[in-house]
Amino acid sequence: MRNRSVCFALGVLLIPTAGFPAPTVTFTKDIAPIFRDKCESCHRPDNMAPMSLATYEDVRPWAKSIAARV
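Once a new chain begins, its residue numbering starts again from 1 and follows that chain's sequence as written. Predicted model: local features are reported for residues with pLDDT of at least 70 only, side-chain atom pairs are reported and counted for 80 or more only, and whole-chain, interface and lining totals are derived from all residues. Just so you know, side-chain values use all the structure's heavy atoms and leave hydrogens and water out.

It is worth spelling out the side chain of E40 at this point. Take E40: it is sitting in the loop between α2 (27-38) and α3 (56-59). Although E40 lies buried, it forms no salt bridge, and the closest oppositely charged side chain, R36, sits 5.4 Å away as judged by the N-O distance. Contacts are assigned to residue pairs that have any heavy atoms within 4.5 Å of one another. Here E40 is in contact with F35, L53 and A54, once residues within four sequence places are set aside. We count a stretch as a helix when DSSP gives it H or I for four or more residues in a row; a strand needs E for two or more, and each element gets its number in order from the N terminus. Throughout this description, buried means an accessible area under 20% of the type-specific maximum (1.4 Å probe, protein chains only), exposed means over 50%, and partly exposed covers the range between. Neither His nor the chain termini are counted; the positive set is Lys and Arg, and the negative set is Asp and Glu. When a carboxyl oxygen of Asp or Glu is within 4 Å of a side-chain nitrogen of Lys or Arg, the pair counts as a salt bridge.

A few words on the environment of A54. Here A54 is to be found in the loop between α2 and α3. When its relative accessible area of 33% is taken as the criterion, A54 is described as partly exposed. Ignoring anything within four residues of it in the chain, the contact list for A54 reads F27, E40 and H43.

Okay, the environment of F35 next. For F35, the location among the structural elements is in helix α2. Separated by 20 residues in sequence, F35 and T55 place their C-alpha atoms 9.6 Å apart.

Both the distance between ring centres and the angle between the ring planes are used here to describe each pair of aromatic rings. Two rings belonging to Phe, Tyr or Trp (six-membered ring only in the last case) form a pair when the distance between their centres is within 6.5 Å. Interplanar angles under 30 degrees mark stacking, angles over 60 mark edge-to-face geometry, and anything in between is tilted. With the rule as written, the count across this model stands at 2 aromatic pairs. Ring geometry for F27 and F35: centres 6.3 Å apart, planes at 55°, overall tilted. Considered together, F27 and F35 belong to a single accessibility category, that of buried residues. For the pair F27 and Y56, a centre-to-centre distance of 5.7 Å together with 75° between the ring planes defines the contact as edge-to-face. Taken together, the residues span a long stretch of sequence, with F27 in helix α2 and Y56 in helix α3 at a distance of 29 residues.

Those residues of α2 that sit buried are F27, I31, A32 and F35. Buried residues in α2, looked at end-on, bunch into an arc of 95°, giving them a common side. Of the residues in α2, the exposed ones pointing more than 90 degrees away from the buried face are K29 and D37. Throughout, the arc means that of the directions going from the helix axis to the C-beta atoms.

Okay, here's the thing in structure tokens:
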């Protein structure tokens, strides 16, 4: 369930849909809470995970890798 929520949220935010109006989704409102609850225990600055997922700037370069992984 966790992976489906993360994947759906990332897909809505980062992967545009053809022919459909984009939903009003923001990193701060919709994605950050998922990362905070499910991922940030390890993915934060100076912790064991290879990258931080605390801010949009941290996450954006990793969007394709995250989508592929989840």
